[in-house]
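Each chain, written out:
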Amino acid sequence: MIRGLTMNLKAAASARLDLDSDESLVKRAREGDFDAFEVLFDRHRLLVYRFAYQMVNKRDDAEDMVQEAFVRAYQNLHRYRDEAKFTTWLLRIVSNLCTDQARMSQRRNNLEQKEAKGALDWMTTGNFENPVDNLEQDRKRLALKKALAALPVHHRQMIIMRDIEEQEYSDIASVLGCTIGGAKLRVLRARRALRDRIAPLLGDDSNV
Amino acid sequence: MFEKDKLFDYAFGELGSHETQVFEASLLKDDSLAKEAIALQALKADLVSLRDIPEMQYSKERLRDAILGQGLKPTKPGLPWLNLLLAPTAIAGVIALGFVLMNGTSRKNPQVIGTPLTALNSGLKAPQLPDQKITPPSPVVAFNSEDASGFPDIRDTVWAWEDPDGTMHSSRSQTRANHSSVKPQVKRSHSTPTYTAFKTPDHDLSHEVSGAVTGAALGGVGTTSDDSSIVALADPSKQTASADNPMIMINKDLDSGVGAPVAIEVNDSKNVIIGG
């Protein structure tokens with residue numbers, strides 16, 4: 001009876017935490033309430049993971065980045081200001097991490113690993129009913145991944161945030177610390193750069 | 001250029017409904033632009049297809065281990081007034097350290113402009129004597145100040161020089177014969193008078209002083225400069241002088257009348273140290 005009552009109370013507290021705003025959860029976490037921080041993690045981990053995965057294209061690396069991002073967030077909770085959204089602040093952290101990681105991995109990545117990964121993608125994706133279509137789709141997809149990976153980090157971040165994850169310009173501007181107009185301009189430049197890179201990879205049949 | 005920007009906005013769905021209609025109307029007139037718009041729309045669709053990513057396997061427990069396992073805690077905000085207080089102190093400290101380091105560096109490498117010997121001889125002028133050879137550099141003679149009574153008995157001043165044919169000449173004066181007028185010198189070389197032992201026609205002192213005066217020091221005068229001088233230097237018994245066999249030393253000071261270095265006859269070399 002008492003055990004059941006305790007469990008109900010815990011469930012009620014957890015539900016109340018889930019309904020709380022990010023700002024109030026951050027405030028509790030600052031005061032040492034780790035459960036509040038775990039609710040924040042549950043709420044936003046996919047957002048961070050998706051961005052990290054698109055940047056590094058490897059699940060293990062992306063998960064490491066998620067951990068690093070949340071550890072940094074936890075340690076720097078006092079730096080978070082309530083005027084920005086918590087997700088924006090998180091994305092800024094993971095964006096900086098990705099920039100650092102991209103700089104390091106750019107040196108050590110070799111062509112063979114990319115080719116092997118591309119071959120695996122070709123084998124594991126697509127519809128078995130239309131192998132010819134699949135082949136063409138995979139070729140395009142592979143070309144797009146290559147072009148995206150070859151973009152400078154700041155362009156890649158723009159494409160991921162706006163065209164893949166479909167973030168609002170206001171959020172992108174907050175992450176970048178610029179105006180909405182500035183964010184639009186950066187996205188446009190990134191798209192142009194992507195178009196210029198993917199055209200040779202797709203061949204002459206494409207006008208892209 | 002404007003059309004190209006519009007083309008991107010159109011293909012990526014950035015235009016409003018009215019702008020989209022206007023732009024589509026313009027696309028009907030330009031086939032190449034329309035073809036490019038279709039290609040960009042396909043690119044946009046391909047980018048959206050990249051949203052399919054493997055499922056995340058990172059759990060809340062792993063994060064808890066990462067954070068709490070390392071004993072991490074959210075850091076407290078610092079005290080801003082403390083920073084304001086410490087910043088000027090730190091800046092002043094850095095400036096002071098830089099000043100000390102720069103001062104130390106300038107003292108570490110003094111510029112050598114001359115050796116003590118050259119500084120000693122810089123005041124020397126070549127004596128205006130007929131056909132004189134090079135005056136040798138003077139070795140330094142220091143007197144034992146602890147025994148003032150044993151100060152050398154300076155009676156005469158002897159001028160010595162050498163002719164090109166090797167003949168030695170000397171002249172004697174009494175200008176410094178008064179013992180009481182000469183104060184005992186401190187044994188530091190740069191504060192003591194400097195003397196050079198010479199061989200004169202009357203007093204062949206080579207056996208007394210050759211050990212004390214190196215061949216280089218005596219080279220121009222022609223006393224012994226062989227290796228035995230090194231042995232004599234170590235034997236103090238050979239450095240003695242007496243009234244019958246006085247030691248003649250030449251000061252670095254020049255005589256105002258003759259212009260040659262001043263020589264002094266010493267009868268007792270007990271407290272005389274000869275060195276270079």
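Rules and cut-offs
- Residues numbered from 1 in each chain as written.
- Chains lettered and ligands numbered in written order.
- Predicted model: local features only at pLDDT ≥ 70, side-chain atom pairs only at ≥ 80, totals over all residues.
- Helix = DSSP H or I, 4+ residues; strand = E, 2+ residues; numbered from the N terminus.
- Buried ≥ 20, exposed ≤ 12 C-beta atoms within 10 Å, placed from the backbone.
- Contact = placed C-beta atoms within 7 Å.
- Core = buried A, V, L, I, M, F, W, Y, C linked by C-beta atoms within 7 Å.
- pLDDT = per-residue confidence, 0-100.
- Nonpolar A, V, L, I, M, F, W, Y, C, P; charged D, E, K, R; others polar.
- Pairing = 2+ DSSP bridges.
- Expected span 1.5 Å × (residues − 1).
- Arc of directions from axis to C-beta.
- Axes fitted to C-alpha atoms, helices over the stretch in contact; angles between N-to-C directions.
- Parallel < 35°, antiparallel > 145°, perpendicular 65-115°, else oblique.
- Left-handed = near helix turned anticlockwise from the far one by under 90°.

**Q** Would you take a moment to explain the overall build of chain A for this structure?
**A** Secondary structure summary: chain A contains ten helices and zero strands in total. The helix and strand sequence of chain A, counted from the amino end, reads α-α-α-α-α-α-α-α-α-α. A burial count over chain A gives 31% of its 208 residues as buried. Pairs at least 24 residues apart make up 56% of the contacts formed inside chain A by residues separated by at least 6 positions.

**Q** I would appreciate a short explanation of the nonpolar core in the present structure.
**A** One broad rule of soluble globular proteins: the nonpolar side chains tend to lie buried together. Judged by nonpolar contacts, the single largest core of 52 residues is most densely connected at Ala52, Met65, Val66, Ala69 and Val94 of chain A. For this core, the element with the highest residue contribution is helix α3 (residues 34-56) of chain A, accounting for twelve residues.

**Q** Any chance you could explain the confidence of the model for chain B here in plain terms?
**A** Atomic detail in the predicted coordinates should be set aside for any region of low pLDDT. Residues and elements named next belong to chain B. The share of residues in chain B with pLDDT of 70 or more is 42%, and the mean pLDDT across the chain is 63. Segment residues 110-120: pLDDT under 50, and five contacts once partners within four positions in sequence are set aside and those in other chains are kept. Every residue in residues 136-157 scores below 50 in pLDDT, and together they form 87 contacts with partners more than four places removed in sequence or on other chains. Predicted complex, confidence summary: ipTM 0.73, pTM 0.51.

**Q** What exactly am I supposed to notice about the interface of chain A and chain B here?
**A** Size of an interface: often given as the accessible area lost when the parts come together. Facing 36 residues of chain A, the contacting portion of chain B comprises 31 residues. Counting residues per element, the ones that place at least two in the side of chain A that touches chain B are α2 (22-30), α3, α4 (59-75), α7 (131-150), α8 (153-164) and α10 (180-202) of chain A. For the side of chain A that touches chain B, the element with the most residues is α3 of chain A, which contributes ten residues. A per-class count over the side of chain A that touches chain B returns 17 nonpolar, seven polar and twelve charged.

**Q** What am I meant to see in the confidence of the model for chain A here?
**A** In the predicted model, chain A carries a mean pLDDT of 81, and 74% of its residues have values of at least 70. Per-element confidence in chain A is highest for α8 of chain A, whose mean pLDDT is 93, and lowest for helix α6 (residues 111-124) of chain A, whose mean pLDDT is 54.

**Q** How should the pairing of strand β5 (residues 261-266) of chain B be read in this particular structure?
**A** Every other side chain in a regular strand lies on the same face of the sheet, so the side chains alternate between the two faces. Residues and elements named next belong to chain B. Burial analysis of β5 places six of its six residues in the buried class, which makes it a mostly covered element. Here β5 shows a buried face lined by Pro261, Ala263 and Glu265 and a second buried face lined by Val262, Ile264 and Val266. Sheet topology places strand β4 (residues 247-254) next to β5; five bridges connect them, and they run antiparallel. From the neighbouring strand, methionine 249 faces β5, where its bridge partner is isoleucine 264.

**Q** What is the right way to look at helix α3 (residues 31-49) of chain B in this model?
**A** Side chains of residues three or four places apart in an α-helix project in the same direction, reflecting 3.6 residues per turn. Residue and element names in this part refer to chain B. Relative to the 27 Å expected for 19 residues at 1.5 Å per residue, α3 spans 27 Å between its end C-alpha atoms, a close match to the ideal helical length. Considered for burial, the residues of α3 that qualify are Ala37, Leu43 and Leu47. In a view along the axis of α3, the buried residues occupy a sector of 120 degrees, so they form one face of it. Exposed positions of α3 whose direction lies more than 90 degrees from the buried face are Asp31 and Ala45.

**Q** Even after reading the chapter, I still don't get the environment of alanine 173 of chain A, so can you show me in this structure?
**A** Residues and elements named next belong to chain A. Checked against the element boundaries, alanine 173 lands in helix α9 (residues 169-176). Judged by the 19 C-beta atoms lying within 10 Å of it, alanine 173 falls in the partly exposed class. Not counting the four nearest positions on each side in its chain, alanine 173 is found in contact with Cys178, Thr179, Ile180, Gly182 and Ala183.

**Q** Would you mind showing me how to read α2 of chain A here?
**A** All names here are of chain A. Taken residue by residue, α2 has Leu25, Val26 and Ala29 as its buried positions. End-on, the buried residues of α2 take up no more than an arc of 100 degrees, which puts them together on one face. Just past α2, the residue glycine 32 takes up positive phi, approximately 105 degrees.

**Q** How do you make sense of the packing of α3 of chain A against α4 of chain A when you look at a structure like this?
**A** The relative placement of two packed helices comes down to the angle between their axes together with the axis-to-axis distance. All names here are of chain A. In the contact formed by α3 and α4, the axes pass within 8 Å of each other and the chain directions differ by 135 degrees. Here α4 runs oblique to α3, going by the angle between their axes. Between α3 and α4 lies a crossing whose hand is right-handed. Mapping the contact onto sequence places Phe37, Phe41, Arg45, Val48, Tyr49, Ala52, Tyr53 and Val56 in α3 and Arg59, Asp61, Ala62, Met65, Val66, Ala69, Phe70 and Tyr74 in α4. Among the residues making up the contact of α3 with α4, the classes are represented as 13 nonpolar, no polar and three charged.

**Q** Help me understand unusual backbone geometry in this model?
**A** Glycine aside, the phi torsion of most residues is negative, and most peptide linkages are trans. Residues and elements named next belong to chain A. At asparagine 57, a residue that is not glycine, the phi angle is positive and equals roughly 65 degrees. Mapped onto the fold, asparagine 57 is located in the loop between α3 and α4. With 17 C-beta atoms packed within 10 Å, asparagine 57 lands in the partly exposed category. For glutamate 166, which is not a glycine, the phi torsion comes out positive at approximately 55 degrees. By the secondary structure assignment, glutamate 166 is in the loop between α8 and α9. Overall, glutamate 166 belongs to the exposed group, with 11 C-beta atoms counted inside 10 Å.

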